[in-house]
Each structure stands twice: as structure tokens, then as C-alpha cells.
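Chain and residue survey
Residues per chain are reported as follows:
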Amino acid sequence: MPVSSKKIMIVDDSPMMLALMKAGFENEGFTCVAVASATQALRLLDEDMPDIILSDYEMPGMNGFSFRQEVMSKEGTKDIPFVFLTSHSGSDLVTRGLDELMAVDFINKETAIPVVVSKLKNLLTTVRKKEELSLLELRKAAEAINVKSIPQHKPVMKGGEIDFWHKAYQNYPGGDFIDFIQVDDRYLFLVLGDVMGKKWKAWFFSFGFLSYIRAAVRFCVYDNEVSPARVLEKINDCVCKDAVLDDVLSGLSLVAIDQQTGKLLYAGAGDLPLLHYKAADKSIHELQTAGLLLGMFDGVTY
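Now for a look at the structure at hand. (Residues numbered from 1 in each chain as written. Predicted model: local features only at pLDDT ≥ 70, side-chain atom pairs only at ≥ 80, totals over all residues. Heavy atoms only, no water.)

This part takes up the nonpolar core. Counting residues in hydrophobic clusters, the biggest one holds 30 residues, and the most contacted among them are F177, F189, F209, I213, V231, I235 and L252. Within the residue set of this core, elements represented by two or more residues are strand 8 (176-182), strand 9 (187-195), helix 6 (199-222), helix 7 (228-240), strand 10 (250-258) and strand 11 (264-269). Looking at this core element by element, the count peaks at 9 residues for helix 6. Beyond its immediate chain neighbours, meaning those up to four positions away, I235 contacts Y212, I213, A216, L252 and L294. Judged by nonpolar contacts, the second largest core, of 20 residues, contains V35, L45, F84 and L101. (Core = buried A, V, L, I, M, F, W, Y, C linked by side-chain atoms within 4.5 Å. Buried < 20%, exposed > 50% of the residue type's maximum accessible area, 1.4 Å probe, protein only. Helix = DSSP H or I, 4+ residues; strand = E, 2+ residues; numbered from the N terminus. Contact = heavy atoms within 4.5 Å.)

What follows is the structure in C-alpha cells.
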């Protein structure tokens, strides 16, 4: 990824150092967020995520180590590469920062600005290459065991046609899952869901939800219950009792197509409204449900 797309947060209580660093990084194509205190930086991190953080160690109020601990304690920021900028070079300090606080580097404040910029460019390149390698290895593993959360082909339906489109964000997998369950010659179920979470973690749990959905759909139809709402209730009960999926939530849109009568039945769990297009008058209507996310509470009705 080109450097011009990278954003750096610089945290230092010295206005002069902030100005020099900001100018140096912007000259190399970085987008810079210059912050005068760790407290202010934490507030900004709730709204604006940088690709890397460069922070002074010795600052009034909250020092660099305390700032780093706060960043590490939050799920959304703990994986941002963090570099300390300091005039201290004691081995104990450096060891604690690199080992205990998992900083990726310590840079002396006397280092020339162009060298600091070059170091961070190289660090970001290394991080990107590691992410690409991990992504490639995980994809190979997924392909080897043939697990997929998105179908490869669209199903054939009597009296109509189905199509779908899916694009992963920046080629990373996530919690999105799509499925078409042809139970028998009459009933076809459309599944559109999203497990709450980020990247590979959500992707992994999506298979647990898919397995329950597939089983619940078939069991309900075999018992002459084709109501999507009833299927969601069975899925939710199973998920809430599954220790592996504890605290994992998912939204789900479930549509049952009766290919014999042409009727569609729909129920949703914490999903976005579906859009119903009527060709006769070219009107579009939102179909909204009040169902809670799957896995939130046991015994929920849909």
C-alpha cells in the first residue's frame, strides 16, 4: 500500500517537535494527526484510527507508557503499531517498552527527522508484508479444508431467478455469510447474516452460525414448520447454549421461498431492513423486523 494512504498519529508535548515531525511526515506523503497530550490522543482514537502511533515517553499528566497501556486495553486500538520517541536510552526502559508493552520500536529524540520518517516507512512496510503473509496462509488453510461462508454459485429456482454479490473489505474476510438451503423440491431458504466482530475472528464464528442455521431449517421443514421466525427461535436457543459462541452475536435475514405457491416468508434478527420492489408499480418498500441479534438472550421470540 502506498505511503500516501498511511496515517500517523504523533503525540508529543513539545510544540516544536510536533511541528517538525508533522512537516517531515507530510513531506513524505503521510497524513498526520499531531496531538499535544496522551489524553487528547485517546479521545481522538475513538473517532479516527491511524495506521501507526509515534509517541513521546516523557509527557506531563499521562506519560507514554500509561498511554500505551490505555491503547492496548481497547479492542479497537490494541493492534495499531506503536513506536516510542524518547531521549531516555536506559536498557530497562527500552526492554519494558518492547517486551511488556509490545512497542515495535524505540527511537531516540536526537535522531534526524528524515531518519525517523524512513524508519517508520520501513516498519509499516514490514507490518503490511506480515499481514499479507498471514492472510495468504489462512486462505490456503481455509481452501484446504474447503470451508466457505459465501456460495460459489447461485441456486436454480422454479419460477424465478436468484443472484447475489459479495465483496470483502480490502480482501479481508469478515463475519458476512450467505447461504441458499434447498430443503426439498418446494422450499428454498435464503440466508444473509453478519457475525459481529473483526476480520478472521468473525469469519471463524460465521461457520458455527451457519451450521446451526442449516440444521434448524431442515429440522423445521421436516416437522412441517416453514416459518422463518420459528427457525430463528431454534437457532437462537442453540447459540445461547453453545459455550464456544458465548458472547458472539449475529444479525440474520432469513427468507423462505415456497416455489409451489410463489410466496415469500421473512423474519429477521437484528438485521438491516430488506427492500421489496414491486414491478407492477415500480415501488420500493422497506421490510423491518424487531427481532434481537442472535445470541443476545435465550428464549427470544421472532
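Below, the discussion takes up the packing of aromatic side chains. For the structure shown, the criterion picks out 7 aromatic pairs. Judged by centre distance (4.9 Å) and plane angle (65 degrees), the rings of Y57 and F65 are edge-to-face. For Y57, a relative accessible area of 17% corresponds to the buried category. Three or more aromatic residues link up through ring pairs in this structure, and these residues are Y57, F65, F67, F82, F84 and F106. (Phe/Tyr/Trp six-rings, centres within 6.5 Å; stacked < 30°, edge-to-face > 60°.)

Taken together, the 5 strands give an open sheet; going across it, the order is 2-1-3-4-5, and neighbouring strands pair in parallel fashion. The sheet is open, and its two borders are formed by strand 2 (31-35) and strand 5 (105-108), each paired with just one other strand. Here the strands of the sheet are splayed against their neighbours by 20 degrees on average, with no regard to which way each runs. Note that strand 4 (residues 82-86) and strand 5 share 4 bridges and pair parallel. Looking at the pairing, L85 lines up with I107 of strand 5. Running at roughly 155 degrees to strand 1 (residues 7-11), helix 2 (residues 38-45) makes contact with strand 1, strand 2 and strand 3 (52-56) of the sheet. The strands that helix 3 (residues 64-73) touches are strand 1, strand 3, strand 4 and strand 5; relative to strand 4, the one it contacts most, it runs at about 170 degrees. (Pairing = 2+ DSSP bridges. Axes fitted to C-alpha atoms, helices over the stretch in contact; angles between N-to-C directions.)

A word on the packing of helix 2 against helix 3. Running from N to C, helix 2 and helix 3 point in directions that differ by 15 degrees, and their axes come no closer than 10 Å. In terms of orientation, helix 2 lies roughly parallel with respect to helix 3. For the pair helix 2 and helix 3, the crossing hand works out as right-handed. Counting all contacts with helix 2, which are made through A38, A41, L42 and L45, the residues of helix 3 involved are F67, E70 and V71. Looking at side-chain class alone, the contact of helix 2 with helix 3 contains 6 nonpolar, no polar and 1 charged residues. (Parallel < 35°, antiparallel > 145°, perpendicular 65-115°, else oblique. Left-handed = near helix turned anticlockwise from the far one by under 90°. Nonpolar A, V, L, I, M, F, W, Y, C, P; charged D, E, K, R; others polar.)

Next up on the list: the layout of surface pockets. Roughly 670 Å³ of volume is contained in the second largest pocket. Around the second largest pocket sit 28 residues that line it, and L190, V255, I257, L264 and L274 are the ones nearest its centre. Only strand 7 (160-161), strand 8, strand 9, strand 10, strand 11 and strand 12 (274-278) provide two or more residues apiece to the lining of the second largest pocket. Looking at the lining of the second largest pocket residue by residue, the class counts come to 18 nonpolar, 6 polar and 4 charged. (1 Å grid on protein atoms, 1.4 Å probe; cavity = no way out; pocket = protein on both sides within 12 Å on 5 of 7 lines; lining within 4 Å. Points joined across faces, edges and corners; volume = space filled by probe spheres on them.)

All of the buried residues in helix 2 are A38, A41, L42 and L45. One side of helix 2 carries all its buried residues, which in axial view fall inside an arc of 100 degrees. Tucked into the core, helix 2 has its buried residues touching strand 1, strand 2, strand 3 and helix 3. (Arc of directions from axis to C-beta.)

This part takes up the pattern of salt bridges. A pair can form between side chains of opposite charge whenever their charged atoms are brought close. Going through the model one piece at a time under the given rule, you end up with 14 salt bridges. Of the charged contacts, one joins D56 and K109 as a salt bridge, the two residues approaching to 3.2 Å between their closest N and O atoms. On the criterion of sequence distance, the pair formed by D56 in strand 3 and K109 in the loop between strand 5 and helix 5 (113-144) is long-range, its members being 53 residues apart. Several salt bridges converge on common partners, so that one network encompasses D12, D56 and K109. (Salt bridge = Lys/Arg side-chain N within 4 Å of Asp/Glu carboxyl O.)

Time to look at the environment of H276. Locating H276 in the fold gives a position in strand 12. Take H276: its relative accessible area is 35%, and that puts it in the partly exposed class. Each C-alpha atom of the pair H276 and E286 lies 6.2 Å from the other, and the pair is 10 residues apart in sequence. Aside from chain neighbours lying at most four places away, what touches H276 is S283, I284, H285 and L287.

To continue, consider the pairing of strand 13 (residues 283-287). Pairing of strand 12 with strand 13 involves 5 bridges; the strand directions are antiparallel. Directly across from L274, in strand 13, lies its bridge partner L287. Linking two consecutive strands that pair antiparallel, namely strand 12 and strand 13, is a turn of 4 residues; a positive phi of about 55 degrees is found at K282 within it.

The pairing of strands in a sheet happens through backbone hydrogen bonds and is either parallel or antiparallel. Taken together, the 4 strands give an open sheet; going across it, the order is 8-9-10-11, and neighbouring strands pair in antiparallel fashion. Both outer strands of the open sheet, strand 8 and strand 11, are each paired with one neighbouring strand and no more. Averaged over all pairs of adjacent strands, the angle between their axes in this sheet comes to 10 degrees, without regard to strand direction. Two elements, strand 9 and strand 10, share 9 bridges in a ladder whose sense is antiparallel.

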